[in-house]
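# Inside the fold
As a plain string of letters, each chain reads:
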Amino acid sequence: MSTLEVSQFTHTPLYCEENVYFLLKKLCKDGVADADGSDLFVVFISNDMKQIPLWHQKASTRADGIILWDYHAICIQRKREGGSHLVWDLDSSLPFPSPLASYVSETIRPSFQLFSEYRRSFRIVHAPIFLRFFASDRRHMKDPDGNWTAQPPAYEPIVAEDGTVHNLNEYMEIHASDELKNMEADLINSFFTQQLGVVISENQLEEFFSQIS
């Protein structure tokens, strides 16, 4: 298990997609992950209603840490020999990182009966592709008058390798109708070349990572 602390990572509240971008870079740079990030995956969590309940979130004011995000972004690291898949969530109060199985049971709580509008979907993107193509000019954090709804990071906005300045909306727009209908190997393997990855249901998350191990 890594000895890295949350405080060692770039973190701006409410900018989870940028936080995870720099988390990927640091894990690769520090040798915690493969140098090219091939064992890392970005996971965007959202749904059609943009209302997803997650537990053990630091921003929550409740004892159980539950909060309703419009979307969230985390990193999952493929397991190494003798280990388990790891979840890196800078906004979680769980151990950092947490084993995937623990994170699913504690943060996602699939056994908890939710109304259908709160059902969560997951967009999984291979880290090397995300680092090349992701871009955000932070327009989603401005109100109609152009004022910031949350203080932006001090560093410059992330621009993609091809010069794209904003495509965050393509990652965070997640619909149940986009979910894989089955987990066939060819469908899973094809996602390694797809800029926006694949969308799966919460019940498929652990199975997905078991198949790409």
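All of the points below concern the structure found in this document. Note that the structure is a prediction, hence the values are computed from the model and not measured.

Throughout the structure, instances matching the rule amount to 19 aromatic pairs. With a centroid separation of 6.0 Å and 25° between ring planes, the pair formed by F41 and F191 is classed as stacked. Here F41, found in strand β1 (residues 40–46), pairs with F191, found in the loop between α5 (185–190) and β8 (198–201); they are 150 residues apart in sequence, far enough to count as distant. Look at F191 and you get buried, because its relative accessible area is 0%. Ring pairing ties together the aromatic residues Y21, F22, F44, F130, F134, Y155 and Y171, which thus form one cluster. Stacked on the ring of F9, the Lys or Arg K26 has its end atom at 5.8 Å from the ring centre. Over the aromatic face of W148 sits the side chain of K142, whose NZ or CZ is 4.7 Å from the ring centroid.

Strand order in the open sheet formed by six strands is β6-β5-β4-β1-β7-β8, and the pairing between neighbours is antiparallel. Every other strand in the sheet has two partners, leaving β6 (98–99) and β8 as the edge strands with one partner each. In this sheet, strand β4 (residues 72–77) lies alongside β1 in antiparallel orientation, the contact comprising six bridges. Bridging across to β4, V43 finds its partner in I74.

All told, the structure shown has zero disulfides when counted by the stated rule. C16 takes part in no disulfide bond, and the closest cysteine sulfur, belonging to C75, lies 13 Å away. Residue classification places C16 among the buried residues on the basis of a relative accessible area of 8%. The cysteine C75 is free of any disulfide, with C28 supplying the nearest cysteine sulfur at 8.5 Å.

Cut-off values and rules
- Residue positions are given per chain, counting from 1 as you read along its sequence in written order.
- Where totals are concerned, whole chains, interfaces and linings use all residues; where local detail is concerned, this predicted model gives features only for residues with pLDDT of at least 70, and gives and counts side-chain atom pairs only at 80 or more.
- The basis for the side-chain values is all heavy atoms of the structure; hydrogens and waters are excluded.
- Paired rings are identified among Phe, Tyr and Trp, the last through its six-membered ring, by centres lying within 6.5 Å, and are further divided according to the angle between planes into stacked (under 30 degrees), edge-to-face (over 60) and tilted (the rest).
- Helix numbering and strand numbering both begin at the N terminus, where a helix is a DSSP run of H or I of at least 4 residues and a strand a DSSP run of E of at least 2.
- Only protein chains enter the accessibility calculation, which uses a 1.4 Å probe. A residue is then buried if its area is under 20% of the maximum for its type, exposed if over 50%, and partly exposed in between.
- Criterion for a charge above a ring: Lys NZ or Arg CZ within 6 Å of the ring centre, and within 35 degrees of the ring normal.
- A pair of strands is labelled paired if DSSP reports no fewer than 2 bridges between them.
- The criterion for a disulfide is a pair of cysteine sulfur atoms lying within 2.5 Å.

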